[in-house]
Amino acid sequence: MTRIDQKFASLKAEGKKAFVAYIMAGDPDLATSLALMKGLPAAGVDVIELGMPFTDPMADGPTIQLAGQRALEGGQTLQKTLDMVAEFRKGDSTTPIVMMGYYNPIFSRGVDTFLKDAKAAGVDGLIVVDLPPEEDDELCIPAQKAGLNFIRLATPTTDDKRLPKVLQNTSGFVYYVSITGITGAAAAQAGDVGPEVARIKAATDLPVIVGFGIRTPETARAIASVADGAVVGSAIVKMVEEKRPVPEVLAFVKGLADGAHSA
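Remember, it's a predicted structure, so these values are computed and weren't measured experimentally.

Rules behind the numbers
Residues numbered from 1 in each chain as written. Predicted model: local features only at pLDDT ≥ 70, side-chain atom pairs only at ≥ 80, totals over all residues. Heavy atoms only, no water. Helix = DSSP H or I, 4+ residues; strand = E, 2+ residues; numbered from the N terminus. Rg over C-alpha atoms; globule rule 2.2 N^0.38 Å. Buried < 20%, exposed > 50% of the residue type's maximum accessible area, 1.4 Å probe, protein only. Pairing = 2+ DSSP bridges. Contact = heavy atoms within 4.5 Å. Axes fitted to C-alpha atoms, helices over the stretch in contact; angles between N-to-C directions. 1 Å grid on protein atoms, 1.4 Å probe; cavity = no way out; pocket = protein on both sides within 12 Å on 5 of 7 lines; lining within 4 Å. Points joined across faces, edges and corners; volume = space filled by probe spheres on them. Nonpolar A, V, L, I, M, F, W, Y, C, P; charged D, E, K, R; others polar. Arc of directions from axis to C-beta. Polar contact = N/O pair within 3.5 Å; in protein donor to acceptor, adjacent residues only side chain to side chain.

J.: Which residues make up the overall build of the protein chain, and what values do they have?
T.: Broken down by element type, the protein chain carries 12 helices and nine strands. Relative to the globule expectation of 18 Å for 263 residues, the C-alpha radius of gyration of the protein chain, 17 Å, shows essentially globular dimensions. Dimensions along the principal axes, computed over C-alpha positions, put the protein chain at roughly 45 × 40 × 35 Å. Taking all 263 residues of the protein chain together, 54% fall into the buried category.

This is the structure in structure tokens:
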């Protein structure tokens, strides 16, 4: 069992929903993002999603695109992102970490090298949004063999014919994208999400976590009530963009986490 599997098993035993928080590694700088990352578990975050900055983040909206640009301009690299994970692990051996991003930096490093380094640093799972199931031999299968979960996105356009293919080699959890479009766009609606989550859960035993369009504790609670948990990214990253102090960002995160946990 990975840390992700263990976390969801313990949450299920407690009858609790999960709260997942996304931050961009190196935004606005390495020290600030590491301080924020280290504070997330105490703010109630069950799983940390750590963005890997990339020059062409096509699934992301302007907020996360700009975060990636700031990180890259500040000198963030894939190596520094792995170093962040290793540094975090010195004080926290239990909180699952999922690295989210795009295939190009991983391909450039070399898949085998990246997986070995990611595992050694303490990474638990990967979300690589530009690798469809048809490319599973490229990274997904090797990642699973290396002991890392490979988490797939399902969307409102993933129909019943496509869903089994999407779920085929997915592990850890399924990330359901609540809206069509990019991150940080429209608001998620529990009434729309509930039936879709139920449809996915009928096809898999994996937890289904919902992200995109969640900005408030109330929405986090509503979405978590119809799923196994909620993910918030853009709303947190926006506060970083506004240069809010780390304690203020963490207080905001705690409110979101409390919302999801109260579902």
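J.: So what's going on with the sheet that holds strand 4 (residues 125-128)? Which residues, and what values?
T.: Spatially, the nine strands line up as an open sheet ordered 5-4-3-2-1-9-8-7-6, and their pairing is parallel. At either margin of the open sheet sits one strand with a lone partner, and together these are strand 5 (149-150) and strand 6 (152-154). Judged from the four bridges that link them, strand 7 (residues 174-177) and strand 8 (residues 208-211) form a sheet pairing that is parallel. Bridging from a neighbouring strand, V174 pairs with V208 of strand 8. Packed on one face of the sheet, helix 4 (residues 78-89) meets strand 2 (47-51) and strand 3 (97-101) and runs near 165 degrees to strand 3.

J.: Would you mind going over the layout of surface pockets in detail, with residue names and values included?
T.: Approximately 390 Å³ is the volume found for the largest pocket. Along the wall of the largest pocket there are 23 residues; nearest its centre are V129, R152, L153, T155 and T158. Looking at the lining of the largest pocket, the elements that each hand over two or more residues are strand 4 and strand 6. Looking at the lining of the largest pocket, its residues break down into 15 nonpolar, five polar and three charged. Roughly 250 Å³ of volume is contained in the second largest pocket. What lines the second largest pocket is a set of 15 residues, among which F8, A9, K12, P207 and D228 lie closest to the centre. Residues belonging to the lining of the second largest pocket are distributed by class as follows: six nonpolar, two polar and seven charged.

J.: Explain helix 6 (residues 111-121) to me, using residue names and the numbers behind them.
T.: Buried within helix 6 we find V111, F114, L115, A118 and A121. All buried residues of helix 6 fall inside an arc of 135 degrees around its axis, so they share one side. The exposed residues of helix 6 that point more than 90 degrees off its buried face are D112, K116 and A120.

J.: Mind laying out the side chain of S178, listing which residues take part and the relevant values?
T.: Within the element layout of this structure, S178 appears in the loop between strand 7 and helix 9 (190-201). Polar contacts involving the side chain of S178 include one to the main-chain carbonyl oxygen of F212, which spans 2.6 Å.

J.: Talk me through unusual backbone geometry; I want residue IDs and the actual numbers.
T.: Omega for the bond connecting D27 with P28 falls within 30 degrees of zero, at -5 degrees, which places this linkage in the cis form. Examined against the element boundaries, P28 turns out to sit in the loop between strand 1 (18-24) and helix 2 (30-39). Its identity as a non-glycine residue notwithstanding, F212 has a phi of 80 degrees, on the positive side.

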